[in-house]
Amino acid sequence: AEPDGYTLAWTSSGYPALPVLTKGVDFDILKDFAPISLVAQGRMVVMGSLKAPFKTASELVAYMKANPGKVNLATGSAGAAVLQAQWFMFRSGAKLELIRYAGGVQAAQAVMSGDADIMIQVIGPAKTAAEAGKVRILGFTGTRRVDALPNVPAFSESGVPELRELANAGFGIFWFGLLAPVGMPRQAQGVIVEQTLEVARDLDFARQLQNLDMSPVGSRPEAFAQQIAKEAETWRSIGGAAGITPQ
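Quick notes on the rules
- Residues numbered from 1 in each chain as written.
- Predicted model: local features only at pLDDT ≥ 70, side-chain atom pairs only at ≥ 80, totals over all residues.
- Heavy atoms only, no water.
- Helix = DSSP H or I, 4+ residues; strand = E, 2+ residues; numbered from the N terminus.
- Contact = heavy atoms within 4.5 Å.
- Polar contact = N/O pair within 3.5 Å; in protein donor to acceptor, adjacent residues only side chain to side chain.
- 1 Å grid on protein atoms, 1.4 Å probe; cavity = no way out; pocket = protein on both sides within 12 Å on 5 of 7 lines; lining within 4 Å.
- Points joined across faces, edges and corners; volume = space filled by probe spheres on them.
- Nonpolar A, V, L, I, M, F, W, Y, C, P; charged D, E, K, R; others polar.

> Whenever I open this one, the environment of Lys 65 confuses me. Can you help?
Within the element layout of this structure, Lys 65 appears in helix α2 (residues 57-66). Residues Lys 65 and Ala 94 lie 29 residues apart in sequence; the distance between their C-alpha atoms is 5.2 Å. Once you skip the residues sitting within four places of it in the chain, Lys 65 turns out to touch Ser 92, Gly 93, Ala 94 and Glu 162. Side chain to side chain, Lys 65 and Glu 162 meet in a polar contact 2.6 Å long.

> Whenever I open this one, empty space enclosed by the protein confuses me. Can you help?
Rolled over the atoms, a probe with the dimensions of a water molecule shows which regions are left empty. According to the stated counting rule, one finds 1 cavity of 30 Å³ or more in the structure shown. The computed volume of the largest cavity comes to approximately 40 Å³. Of all elements in the fold, only β3 (72-76), α3 (80-92) and β5 (118-122) reach the threshold of two or more residues within the lining of the largest cavity. Counted by class, the lining of the largest cavity contains 6 nonpolar, 1 polar and no charged residues.

> Help me out: how do you make sense of unusual backbone geometry in this one?
Leaving glycine aside, a negative phi is the common case for residues, and trans is the common case for peptide bonds. In this structure, Asp 213 is a non-glycine residue whose phi angle is positive, near 60°. Structurally, the position occupied by Asp 213 is in the loop between α8 (203-211) and β8 (215-216).

> Would you mind going over the layout of surface pockets with me for this structure?
In this model, the largest pocket occupies a volume close to 650 Å³. Taken together, the elements giving at least two residues each to the lining of the largest pocket come down to β2 (33-49), β3, α3, β5, β7 (173-181) and α9 (221-242). When residues in the lining of the largest pocket are grouped by element, the largest group, 8 residues, is from α9. A volume near 470 Å³ is recorded for the second largest pocket. In this structure, the second largest pocket is lined by 16 residues; those nearest its centre are Phe 140, Arg 144, Val 146, Asp 213 and Ser 215. Ranked by residue count, the leading element in the lining of the second largest pocket is β2, at 3 residues.

As structure tokens, this is what we get:
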């Protein structure tokens, strides 16, 4: 698209993982698009089967270390969820069996039925399933509890160094943001950035995001570019260590 300010890309946290997961990506994610703003973000939970012998994230890590390879983690067949699962396994210091399902819905159903032990899931579906008595939420991946899950401890509260490191490193974050074609006139980019930041500050927008268990961010282009680059390097490192090849 022409860099005239009329065409933008609405992107997500899967964007920095594209070169690791997707074969034939014919553009440079760091050079061929101009970051505008990280608009909103949220964090995930670790959801567990009711049949599993652990009730919290700290109990999960202890069980994994005592029983290497006996805990399985359900994930969709592609996307950043696969890398999140690998990240959790590497940083927790314990071996997991990774089971890929056709999609996130099927992975969640496997945890509900007890065919899989755990899943890294967004808050909304996990909360609904827990309230229906189908799963147990073991922990929130952030550094502090959230209002939507007041009784679920954050990873930073677990007393487990590996989980605290994951929380501080940004594990379990998902986000949405705006990109523009590289080469946009500075004036046009400035207008779009300021308008985006104004939306991010809007209280009604914040309330709508809260219903989705997300919060507004409204970062500047420089900060968004740095986050994309940092996450791209994280996924490259994890993908290489896990032997993941682009599909």
